[in-house]
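# Chains, contacts and geometry: an overview
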Amino acid sequence: MVTNNETDSRYELHVDGQLAGQLDYQLIGDVIALTHTEVDEAYAGQGLGAELAKFALDDAQARGLKVSPICPFVAKYIDKHPEYRVTVR
């Protein structure tokens, strides 16, 4: 389950009630800078990073925000998913 922790400026992914990954961001006006993705080593390779990226990008679109994919993982995700290519770099 992914949630937006606005207090800490990060999207959080929980598995069985435990924090399994996060995607940090900064809001600058109408731009959201996605800065760092981290997934717990125990869950590596299970697609959880992609789940975080998709959630963040869907949330940005729903809120009318432009995206600056500072995090290399998110930039690669966007390159593979053309529906998210309207970004600010």
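Quick note: structure is the one above.
Anyway, here's the lowdown on the structure attached to this text. Predicted, not measured: the structure shown is a model, and the values here were computed from it.

### Observations concerning the environment of Glu38
Tracing the sequence through the fold places Glu38 in strand β4 (residues 31–39). The class for Glu38 is partly exposed, based on a relative accessible area of 45%. Separated by 37 residues in sequence, Glu38 and Met1 have C-alpha atoms that sit 15 Å apart. When neighbours within four sequence positions are excluded, Glu38 is seen to be in contact with Ala20, Gly21, Gln22 and Leu52. One polar contact links Glu38 to His36, side chain to side chain, over a distance of 3.2 Å.

### Points about the nonpolar core
Among the nonpolar cores identified, the biggest contains 21 residues, and Tyr11, Leu23, Ile32, Leu34, Leu57, Val67 and Val74 are the most heavily contacted of them. At the level of elements, β2 (10–15), β3 (18–28), β4, α1 (48–62) and α2 (72–80) are the ones that each hand at least two residues to this core. Contacts of Ile32, omitting those with residues within four sequence positions, involve Tyr11, Tyr25, Gln26, Leu27, Ala60, Leu65, Lys66, Val67 and Ser68.

### What about the packing of aromatic side chains?
Throughout the structure, instances matching the rule amount to three aromatic pairs. Each ring, one from Tyr11 and one from Phe55, has its centre 5.6 Å from the other, and the planes form 70°; the classification is edge-to-face. Of the two residues, Tyr11 sits in strand β2 while Phe55 sits in helix α1, which places them 44 residues apart along the sequence. According to the relative accessible area criterion, Tyr11 is buried, its value standing at 0%. You can call Phe55 partly exposed: its relative accessible area is 30%. An aromatic cluster is defined as three or more aromatic residues linked by ring pairs; in this entry it consists of Tyr11, Tyr25 and Phe55.

### A closer look at the side chain of Asp24
Looking at the secondary structure, you find Asp24 in strand β3. The side chain of Asp24 is buried and forms no salt bridge, while Arg10, the nearest opposite charge, is found at 5.1 Å. At 3.1 Å, the side chain of Asp24 and the side chain of Gln22 are in polar contact. Each residue touching Asp24, except ones within four places of it in the same chain, is listed here: Ser9, Arg10, Ala33, Leu34, Thr35 and His36.

### Digging into α2
Within the sequence span of α2, burial applies to Val74, Ala75, Tyr77 and Ile78. Taken end-on, α2 shows its buried residues confined to a sector of 160°, consistent with a single buried face. Opposite the buried face of α2, by more than 90 degrees, sit the exposed residues Pro72, Lys76 and Lys80.

Parameters and conventions
Residues numbered from 1 in each chain as written. Predicted model: local features only at pLDDT ≥ 70, side-chain atom pairs only at ≥ 80, totals over all residues. Heavy atoms only, no water. Helix = DSSP H or I, 4+ residues; strand = E, 2+ residues; numbered from the N terminus. Buried < 20%, exposed > 50% of the residue type's maximum accessible area, 1.4 Å probe, protein only. Contact = heavy atoms within 4.5 Å. Polar contact = N/O pair within 3.5 Å; in protein donor to acceptor, adjacent residues only side chain to side chain. Core = buried A, V, L, I, M, F, W, Y, C linked by side-chain atoms within 4.5 Å. Phe/Tyr/Trp six-rings, centres within 6.5 Å; stacked < 30°, edge-to-face > 60°. Lys, Arg positive; Asp, Glu negative; His and termini not counted. Salt bridge = Lys/Arg side-chain N within 4 Å of Asp/Glu carboxyl O. Arc of directions from axis to C-beta.

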